[in-house]
Amino acid sequence: MIKNKKILVIGAGGFIGGHLVNRLLKNGNFITAADIKPKEYWFQDFDNVNNHYSLDMKEIENCRKVTKNIDYVFNMACNMGGMGFIENNKAECMQSVLINTNLLISCRENKIEKYFFSSSACAYNTRKQKNVFIEGLKEEDAYPADPEDGYGWEKLFSERMCRHFMEDYNIPVRIARYHNIYGPYGTFDGGREKAPAALCRKVIKAKKNNENKIEVWGDGKQTRTFLYIDDCIEGTLRLFESNYSEPVNIGSDEQVSINQMIEIIENISGTKKLERVYQLDKPKGVRGRSSNNDLVKKILNWSFKIQLKDGLKKTYNWIDTEINKQGSNISRFTKS
Ligand code: GDD
């Protein structure tokens, strides 16, 4: 595993970025952590990073400043969220091309050794995701291009920008396509939360308030594969150290419907079965999505370890504790 390197993590104040910094620190690296958010809103606190910056990486001068004297760069930053955010903020999402582009230009100028880009399953052709149960998406299914509007186009364009920087300027790049990553220290309310955290929160609140129903976006039959954060970080670091420079799925094999995930969460909570109030006018995204993991198994000899029921249990318990702590205060995990 990577050791004694000077590593810049952009998006260190966010969910995946925060977990990545923790892991890289444990391995004995020197970390520069940057995020657009002011420090008090970062999802995790780090005392032992070498430098903290609260800067907007859409500005190239900021990218130039933070990439000086750095070996590796992990770009985990973009304006994102679950379906409730990305379906309603397409222009905002697309502006993240500036982060990746300006970072790559600065990495070239400052002679960075290797670059990581966090892409997404939203880069896949939406026409291949129209049925509830689909074959897992293979890496080649991103083309011909027809990704999710806004956010998906940003990811696909930025993947390509990475590829061309590697081809034209010899900057080694590694690109992961993440499939709905969930776990503790992520947003669970306020508009940016994804389905696992949102549904844990809804079940927790129903239980606390003695209510017998929860609201569910769509008809609950839509499917996804969800990946627990620890597996995501492990896969990311293994991919980073590999020789493979094309985009690779980082996801699980457990395709479930939203209804099935709610049942798992109800079992964790020990509550009685809640009535589902299906909200068909809410953002739904694609009908069915799952990750084909043949490539990652082949090139990294690695596969996800944490079953959905186990990852959801940890997530549920963490959100429950946060809600109890929070009382009437707005927490950093609920700001939209
Ligand atoms: N967010 C949310 N909140 N989704 C809900 C809820 C709810 O209360 N109830 C049901 N859903 C349904 C959504 O309608 C959608 O069909 C499904 O759960 C999954 O929603 P999200 O988790 O919000 O998003 P996604 O899986 O479509 O996309 C997410 O993962 C991608 C990577 O796989 C997003 O975060 C994307 O930004 C990301 O790229």
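Residues numbered from 1 in each chain as written. Predicted model: local features only at pLDDT ≥ 70, side-chain atom pairs only at ≥ 80, totals over all residues. Heavy atoms only, no water.

Draft legend 1. Structural view of helix H7 (residues 195-208). If you check H7, its first and last C-alpha atoms are 20 Å apart, about what 14 residues at 1.5 Å a residue would give, namely 20 Å. Summarising burial for H7: 10 of the 14 residues are buried, a large majority. Restricting attention to buried positions, one finds in H7 the residues Pro 196, Ala 197, Ala 198, Leu 199, Cys 200, Arg 201, Lys 202, Val 203, Ile 204 and Ala 206. In this structure, the buried side of H7 is in contact with strand S7 (181-182), strand S8 (213-217), helix H9 (258-269) and helix H11 (308-326). Phi for Asn 210, located one or two positions after H7, is positive at around 55°. (Helix = DSSP H or I, 4+ residues; strand = E, 2+ residues; numbered from the N terminus. Expected span 1.5 Å × (residues − 1). Buried < 20%, exposed > 50% of the residue type's maximum accessible area, 1.4 Å probe, protein only. Contact = heavy atoms within 4.5 Å.)

Draft legend 2. Region of the structure containing the site of the ligand. The environment of the ligand is formed by 25 residues, the closest being Ser 120, Lys 202, Arg 224, Pro 283 and Lys 284. Contacts to the ligand include Lys 202, whose side-chain N or O atom sits 2.6 Å from an oxygen atom. At 3.0 Å from a nitrogen atom of the ligand is found a main-chain nitrogen or oxygen belonging to Trp 217. Among the elements of the structure, helix H3 (83-86), H7 and S8 are those that each provide at least two residues to the shell around the ligand. Residue contributions to the shell around the ligand peak at 3 residues, all from H7. The residue makeup of the shell around the ligand, split by class, is 13 nonpolar, 6 polar and 6 charged. Residues lining the shell around the ligand come from more than one domain, with at least three contributed by each of domain 1 (6-181 + 228-250) and domain 2 (183-224 + 255-290 + 306-326). (Near = heavy atom within 4 Å. Polar contact = N/O pair within 3.5 Å; in protein donor to acceptor, adjacent residues only side chain to side chain. Nonpolar A, V, L, I, M, F, W, Y, C, P; charged D, E, K, R; others polar. Domains from an automatic or database assignment.)

Draft legend 3. Representation of the domain arrangement of the protein in the model. Each assigned domain of the protein is listed with its residue range as follows: domain 1 (6-181 + 228-250) and domain 2 (183-224 + 255-290 + 306-326). Contacts between the two partners involve 33 residues from domain 1, matched on the other side by 26 residues from domain 2. When the buried surface of domain 1 facing domain 2 is broken down by residue, Val 132, Asn 180 and Tyr 228 rank first, second and third, together holding 24% of it. At the junction of domain 1 and domain 2, the tally comes to 1 salt bridge. Among the salt bridges present, the one from Arg 289 reaches Glu 148, with a minimum N-O distance of 2.8 Å. For the side of domain 1 that touches domain 2, the secondary-structure elements that each account for two or more residues are helix H1 (15-26), H3 and helix H8 (229-241). Taken together, the residues of the side of domain 1 that touches domain 2 sort by class into 14 nonpolar, 13 polar and 6 charged. (Buried area = accessible area lost by both parts, 1.4 Å probe. Salt bridge = Lys/Arg side-chain N within 4 Å of Asp/Glu carboxyl O.)

Draft legend 4. Main features of the side chain of Gln 44. Topologically, Gln 44 is positioned in the loop between strand S2 (30-35) and strand S3 (51-54). In this structure the side chain of Gln 44 is engaged in a polar contact, spanning 2.6 Å, whose partner is the side chain of Asn 22. Among residues more than four places away in sequence, those in contact with Gln 44 are Gly 18, His 19, Asn 22, Tyr 185 and Arg 332.

Draft legend 5. Examining the packing of aromatic side chains more closely. Per the stated rule, a full pass over the model turns up 11 aromatic pairs. Measuring from centroid to centroid gives 5.8 Å for Phe 188 and Trp 318, while their planes differ by 85°, and the two rings are edge-to-face. Here Phe 188 is found in the loop between S7 and H7, whereas its partner Trp 318 is found in helix H11, with 130 residues between them in sequence. Three or more aromatic residues link up through ring pairs in this structure, and these residues are Phe 43, Tyr 185, Phe 188, Trp 318 and Phe 333. Sitting over the face of the ring of Tyr 169, Arg 108 holds its NZ or CZ atom 3.6 Å from the ring centroid. Over the face of the ring belonging to Phe 240 we find Lys 114, whose NZ or CZ atom lies 4.7 Å from the ring centre. (Phe/Tyr/Trp six-rings, centres within 6.5 Å; stacked < 30°, edge-to-face > 60°. Lys NZ or Arg CZ within 6 Å of the ring centre and 35° of its normal.)

Draft legend 6. Main features of the nonpolar core. Core analysis: the largest hydrophobic core is formed by 63 residues, its most contacted members being Val 9, Ile 16, Leu 24, Phe 74 and Tyr 178. Residues lining this core come from more than one domain, with at least three contributed by each of domain 1 (6-181 + 228-250) and domain 2 (183-224 + 255-290 + 306-326). Those residues in contact with Leu 24 that lie beyond four places of it in its chain are Ile 2, Ile 7, Val 9, Asn 29, Ile 31, Phe 74 and Leu 237. In this structure, Ile 10, Ile 99, Leu 103 and Leu 104 belong to the second largest nonpolar core, which totals 23 residues. (Core = buried A, V, L, I, M, F, W, Y, C linked by side-chain atoms within 4.5 Å.)

Draft legend 7. Local environment of the sheet that holds strand S11 (residues 247-250). Judged by pairing direction, the sheet is parallel, and its 7 strands sit side by side in the order S3-S2-S1-S4-S5-S6-S11 without closing on themselves. Both edges of this open sheet fall to S3 and S11, since each of them pairs with a single strand only. Shown here is a sheet whose adjacent strand axes are inclined to one another by a mean of 20°, direction ignored. As paired elements, strand S4 (residues 72-75) and strand S5 (residues 114-120) share 4 bridges and run parallel to each other. Pairing of Tyr 72 across the sheet is with Lys 114, part of S5. Against the sheet, H1 touches strand S1 (6-10), S2, S4 and strand S6 (173-178), its axis set at about 165° to S1. (Pairing = 2+ DSSP bridges. Axes fitted to C-alpha atoms, helices over the stretch in contact; angles between N-to-C directions.)

Draft legend 8. Structural context of the environment of Trp 42. Topologically, Trp 42 is positioned in the loop between S2 and S3. On a C-alpha basis, the gap between Trp 42 and Ser 54 in space is 9.7 Å, while along the polypeptide they are 12 residues apart. Leaving out residues up to four positions away in the same chain, Trp 42 has contacts with Ala 12, Gly 13, Ala 33, Ala 34, Asp 35, Lys 37, His 52, Tyr 53, Ser 54 and Arg 332.

Draft legend 9. The arrangement of the pairing of S5 in detail. Counting buried positions along S5 yields 7 of 7 residues, so the element is predominantly enclosed. Direction of pairing for S5 relative to S6: parallel, over a ladder of 6 bridges. Following the sheet pairing, Tyr 115 is matched in S6 by Val 173. Tracing the backbone out of S5, into helix H6 (residues 151-169) and back to the parallel element S6 gives a crossover that is right-handed. (Right-handed = clockwise from strand over helix to strand, strands pointing away.)

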